[in-house]
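Residue-level structural notes
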Amino acid sequence: MSRAFVLALLALTAAGCDVADLLAATAEPEPPSTPWTAMLDAVNEVRAEGRMCGGDWYPPASALTWSGRLETAATRHSRDMAERGVLTHEGSDGSRVGDRATRAGYDWRRVGENIARAQISVDQVMEAWMSSASHCRSVMNAGYTQMGAAETDRFWTQVFAKPRS
């Protein structure tokens, strides 16, 4: 490790940051595992077909790729919502989706989020999201190129983004 990197970690530790989280965010985890492969497949199937979202037609969009960093952001938010028992886009620390993606090490140009509560499967939560015009628009947004997702105690989060570079 470079001296500058070590000094930065020491400064962050002194400031109360979780170094383990920061180190984990520097590497992309493996491709999605079940059920997240099913989530990515479901999203990409809908994007490939095009979709009516509310009264607006969204033409087919390119397939998304999985981002472990976005999965990390989604996991943290799902856990936070589950711990508080509340469905909200705002984290307990006041964070928004962009803050959480950045903390997970994702350098984003565009970012968005879908959340849901109570569904017991990927199929059920996708059906709920695709029945909602605003959630459907997030899934179909051609400006996004990657996604991550998570579920904790039936609190679901999808994070969509396009990297800065």
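Look up a bit, the structure's there.
Summarised in this report is the structure supplied together with it. Predicted model, so just to flag it, every value in this text is computed and none were measured.

Another point: the packing of aromatic side chains. Evaluated as defined, the whole model comprises 2 aromatic pairs. Seen in terms of ring centroids, W36 and W156 are 6.1 Å apart; in terms of plane orientation they differ by 80°. Their pairing is edge-to-face. Of this pair, W36 sits in helix α3 (residues 36–49) while W156 sits in strand β6 (residues 155–163); the two residues are 120 residues apart in sequence, bridging distant segments of the chain. For the pair shown, W36 and W156 are each scored as buried.

In terms of nonpolar packing, the biggest core is built from 23 residues, with M39, V43, M126, M147 and W156 touching the most fellow members. Among the elements of the structure, α3, α6 (122–130), α7 (133–140), β5 (146–152) and β6 are those that each provide at least two residues to this core. Looking at which element gives the most residues to this core, the answer is α3, with 6 residues. By size, the runner-up hydrophobic cluster in this structure holds 9 residues, among which are L70, V97, Y106 and A161.

Turning our attention to the pattern of salt bridges. Evaluated as defined, the whole model comprises 5 salt bridges. Across the pair R103 and D93 runs a salt bridge whose closest N-O atoms are separated by 2.6 Å. On the criterion of sequence distance, the pair formed by R103 in helix α5 (residues 97–103) and D93 in the loop between α4 (68–84) and α5 is long-range, its members being 10 residues apart. Assessed through its relative accessible area of 44%, R103 is described here as partly exposed.

Assignment of secondary structure puts S138 in helix α7. Residues contacting S138, with those up to four places away along its chain left out, are E113, N114, Y144 and F160.

Among the 7 residues that make up β5, 6 are buried, leaving the element largely enclosed by the rest of the structure. Taken together, the 7 bridges between β5 and β6 define a ladder with antiparallel strand orientation. Considered in β6, the bridge of M147 is made with F160.

Further remarks concern α3. Here α3 spans 20 Å end to end across 14 residues, near enough to the 20 Å set by a 1.5 Å rise per residue. A positive backbone phi angle near 85° is found at G50, which sits one or two residues after α3.

On inspection of all chains with the given rule, the structure shows 1 disulfide. Covalent S-S linkage joins C53 and C136, the inter-sulfur distance amounting to 2.0 Å. Here the S-S torsion is close to -60°, and the disulfide linking C53 with C136 is therefore left-handed. Linking C53 in strand β1 (residues 51–53) with C136 in helix α7, this pair joins segments that are 83 residues apart in sequence. No difference in accessibility class separates C53 from C136, as the two residues are buried.

Analysis parameters
- Residues numbered from 1 in each chain as written.
- Predicted model: local features only at pLDDT ≥ 70, side-chain atom pairs only at ≥ 80, totals over all residues.
- Heavy atoms only, no water.
- Phe/Tyr/Trp six-rings, centres within 6.5 Å; stacked < 30°, edge-to-face > 60°.
- Helix = DSSP H or I, 4+ residues; strand = E, 2+ residues; numbered from the N terminus.
- Buried < 20%, exposed > 50% of the residue type's maximum accessible area, 1.4 Å probe, protein only.
- Core = buried A, V, L, I, M, F, W, Y, C linked by side-chain atoms within 4.5 Å.
- Salt bridge = Lys/Arg side-chain N within 4 Å of Asp/Glu carboxyl O.
- Contact = heavy atoms within 4.5 Å.
- Pairing = 2+ DSSP bridges.
- Expected span 1.5 Å × (residues − 1).
- Disulfide = S-S within 2.5 Å.

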